[in-house]
Amino acid sequence: MRRFFGFVVTAGALALAGLVGYSVVTSWLYPEPLTIETVDGRPLIKATQPELIPFSQLIDNSGYDVSYPQCKDKLPNKFVGFVIVGLNGGKPFSENNCFAKQWKWALTYDAVAVYINTADPGKESPVRYGKKIANDTLERLSKYEIKAGTPIWLDVETYNTWTSPDRAVQALTEIAITLTSAGYPVGIYAPPAHWFEITGNANVGMPTWLALGPYSDVASGVADSKAACLRGSFGGKTPDIVQFVATMDGVTLDRNIMCGDPTGLVVPTK
């Protein structure tokens, strides 16, 4: 009888352990969807930002952004206030092979930030996929000794794979929550048409970086960027940074105008 009782207890314990293990694995593979707030019927992508690093002095509101497409190009030496450097090679989980060189160059300016590529191919839970992108980003930031407090911009474009607006909102929200929880402020970069297609024109409760596109000359790009600072663009708000593309001295670069206070958009280098 004792042996039989022991067998029953052991079998019950194993069954319970199996159920617990199955539950843990299932919750890891298919985590519960995030609770997403809405504004005017549209989802709101937001995260609680960490404490932001203030600026002790004013900086020039113009800047560059560079990434893997500029790996073979000569980096400019004209004075600007800030530089934003791409961490990936165009897709999540890829490497910008010249990031170290570009980051060292960026640190010679007054302020810096990083941007990463995002996507959702739909092969698993969008929450889990978003967390994987964020954790991969944290590993790369650690590799390059980029400290918490450095803003991370999420590049949201149709050049990468997206499956549905609902999934995109879930994935982007999880990326933002994971990065901000680790101490990195987060903002979102997008061309408005891409944002509308990918997220269904979701609202944004964090800084936005608006992409205008190419210009025939720098002066026109600067003028339109300053005007764009005062208009709604995407995410239900006015932009915090505006980007345009222009050629000067035979070099085509992404150029940027900051619309106001740089706190939380870039971090001081000095």
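Procedures and definitions
- Throughout, residues of each chain are indexed from 1 in the direction in which the sequence is written.
- Since the coordinates come from a predicted model, pLDDT governs what is reported: local features require at least 70, and pairs of side-chain atoms require 80 or more to be given and counted, while whole-chain, interface and lining totals use all residues.
- Computation of side-chain values covers all heavy atoms of the structure but excludes hydrogens and water.
- Two aromatic rings, drawn from Phe, Tyr or Trp (for Trp, its six-membered ring), form a pair once their centres lie within 6.5 Å of each other, and the interplanar angle then sorts them: stacked below 30 degrees, edge-to-face above 60, tilted otherwise.
- Helix numbering and strand numbering both begin at the N terminus, where a helix is a DSSP run of H or I of at least 4 residues and a strand a DSSP run of E of at least 2.
- Accessibility here uses a 1.4 Å probe with only protein chains present; expressed as a share of the type maximum, an area under 20% marks a residue as buried, one over 50% as exposed, and anything in between as partly exposed.
- Think of it like this: strands point away, you trace from the first strand over the helix to the second, and a clockwise trace means the crossover is right-handed.
- Expected span, for any helix, means 1.5 Å times one less than how many residues it has.
- For our purposes a nonpolar core is just a set of buried Ala, Val, Leu, Ile, Met, Phe, Trp, Tyr and Cys residues, chained together by side-chain atoms within 4.5 Å.
- We call two residues contacting when some pair of their heavy atoms lies within 4.5 Å.
- Definition of a polar contact: a pair of N or O atoms within 3.5 Å, with one able to donate and the other able to accept a hydrogen when the atoms are protein atoms, and with sequence-neighbouring residues admitted only if both atoms are side-chain atoms.

Caption draft 1: Quick peek at the packing of aromatic side chains. On inspection of all chains with the given rule, the structure shows 11 aromatic pairs. Both rings, one in Phe-99 and one in Tyr-144, keep their centres 4.7 Å apart while their planes meet at 50°; by these two values the pair is tilted. Linking Phe-99 in helix α2 (residues 99-106) with Tyr-144 in the loop between α3 (126-143) and β6 (152-155), this pair joins segments that are 45 residues apart in sequence. You can call Phe-99 buried: its relative accessible area is 0%.

Caption draft 2: Spotlight on the pairing of strand β7 (residues 186-190). Buried residues dominate β7, accounting for 5 of its 5 residues. With burial as the criterion, each face of β7 is covered, one bearing Val-186, Ile-188 and Ala-190 and the other bearing Gly-187 and Tyr-189. A crossover connection joins β6 to the parallel β7 through helix α4 (residues 165-181); in handedness this β-α-β unit is right-handed.

Caption draft 3: Examining α3 more closely. With 18 residues, α3 should reach 26 Å at 1.5 Å per residue; the first-to-last C-alpha distance of 26 Å fits that figure. Burial in α3 covers these residues: Pro-126, Val-127, Arg-128, Tyr-129, Gly-130, Ile-133, Ala-134, Asp-136, Thr-137, Arg-140 and Leu-141. Just beyond α3, the residue with positive phi is Glu-145, at close to 55°.

Caption draft 4: A look at the nonpolar core. Residues Val-114, Ile-116, Ile-188 and Trp-195 are the most contacted members of the largest nonpolar core, which totals 49 residues. With 6 residues, α4 is the largest single contributor of residues to this core. In this structure Val-114 touches Ile-84, Val-85, Leu-87, Phe-99, Trp-103, Leu-141, Ile-146, Thr-150, Pro-151, Ile-152 and Trp-153, once residues within four positions along its chain are discounted. Formed by 15 residues, the second largest nonpolar core is a distinct cluster that contains Phe-82, Ile-84, Tyr-115 and Met-258.

Caption draft 5: Spatial organisation of the environment of Asp-217. Within the element layout of this structure, Asp-217 appears in the loop between β9 (208-214) and α6 (218-228). The sequence separation of Asp-217 and Thr-247 amounts to 30 residues, and the corresponding C-alpha distance is 6.5 Å. Reaching out from Asp-217, the side chain makes a polar contact with the backbone nitrogen of Ala-219 at a distance of 3.2 Å. Side-chain polar atoms of Asp-217 contact the backbone nitrogen of Ser-220, separated by 2.8 Å.

Take it as geometry only, folks, not as evidence of what the structure does.
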